[in-house]
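# Chain and residue survey
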Amino acid sequence: MNRLLELLSPENIVFDFKASSKEEVIEKLVGHLIATKTLELDEKGNQEIISSLLNREKSMSTGIGSGVAIPHCSVGLVTELKCAMAIAPQGIDFASLDDQPVQIFILLIVPKNKFQEHIKTLALIAKTLNIPEERTKIINCKTFEEIKNSITQTN
C-alpha cells in the first residue's frame, strides 16, 4: 500500500482548491482539518500549528517544484501524524523552488517524537509525486476513489 494513501482519507482531500497566497493555503488546509475533526485543538493550538507551518516556509519553501508542495511541521500538540491534500488544477503561487505554481498540496502535521518517521514520509510522498504522468493523473481526479486508483496503479 502506498504511504500517501495510508495517510489520506476521503474527508481530508479538497478538490478544486482555491487560495490566493501561501498563507491562505496553509490557513485553509489547517481549517479543513479542524472542520473534519481530524485536528481537535483549541484556538491557541490551531494558531500555533499555523505559525509553525508558516515559520517552516520562511526557512525554505516546501514548494518542491513540478507543481507540488508539502507544507509540514513537527509539533508537540499532536500524537499522530495529520494529513490533508488539496488539488488546485489552476495552480497557486507558493514561492516554489522552481517558481512554478503549485497544483498538489500535501499538508503534514507530525508529532515531535516521530520526526524520523516524518522524514521517510516526506521522501515517499515526493517520490510518488515525482513522475509527471502521476501528477497529471492526480490533478485530474475529482474523487477519493479516482486518487486511490491513480496512485495504486503506479505502485
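Remember, it's a predicted structure, so these values are computed and weren't measured experimentally.

### Digging into the packing of helix α2 (residues 22-35) against helix α3 (residues 43-59)
- Relative orientation of the contacting elements α2 and α3 amounts to 145 degrees, with a least axis distance of 10 Å. The two elements α2 and α3 cross, and the hand of that crossing is right-handed. Between α2 and α3, the contacting residues are Lys22, Glu23, Ile26, Glu27, Val30 and Ile34 on the first element and Asn46, Ile49, Ile50, Leu53, Leu54 and Glu57 on the second.
- Among the residues forming the contact of α2 with α3, the class breakdown is 7 nonpolar, 1 polar and 4 charged.

### What about the side chain of His72?
- In this fold, His72 is placed in strand β4 (residues 72-75).
- Overall, the relative accessible area of 10% leaves His72 in the buried class.
- For His72, the side chain forms a polar contact with the side chain of Arg56, separated by 3.3 Å.
- Within the structure, the side chain of His72 is placed 2.7 Å from the backbone oxygen of Ile70, a separation counted as a polar contact.
- Residues contacting His72, with those up to four places away along its chain left out, are Leu53, Arg56, Thr62, Leu108, His118 and Leu122.

### A closer look at the nonpolar core
- Counting residues in each nonpolar core, the largest one holds 26 residues, and the members touching the most others are Phe17, Ile49, Phe105 and Ile109.
- Counting only elements with at least two residues in this core, the list comes to α2, α3, β4, β5 (82-92) and β6 (102-111).
- For Ile49, the contacting residues outside a window of four places in its chain are Val30, Leu39, Leu41, Cys73, Val75, Leu77, Val78 and Ile109.
- Membership of the second largest hydrophobic core comes to 24 residues, among which are Ile87, Ile125, Leu129 and Ile151.

### Some details on the environment of Phe15
- Take Phe15: it is sitting in the loop between β1 (13-14) and α2.
- Note: C-alpha distance between Phe15 and Asn140 (125 residues apart in sequence) is 9.6 Å.
- Setting aside its immediate chain neighbours within four residues, Phe15 contacts Ile87, Cys141, Lys142, Thr143, Phe144 and Ile147.

Rules and cut-offs
Residues numbered from 1 in each chain as written. Predicted model: local features only at pLDDT ≥ 70, side-chain atom pairs only at ≥ 80, totals over all residues. Heavy atoms only, no water. Axes fitted to C-alpha atoms, helices over the stretch in contact; angles between N-to-C directions. Helix = DSSP H or I, 4+ residues; strand = E, 2+ residues; numbered from the N terminus. Left-handed = near helix turned anticlockwise from the far one by under 90°. Contact = heavy atoms within 4.5 Å. Nonpolar A, V, L, I, M, F, W, Y, C, P; charged D, E, K, R; others polar. Buried < 20%, exposed > 50% of the residue type's maximum accessible area, 1.4 Å probe, protein only. Polar contact = N/O pair within 3.5 Å; in protein donor to acceptor, adjacent residues only side chain to side chain. Core = buried A, V, L, I, M, F, W, Y, C linked by side-chain atoms within 4.5 Å.

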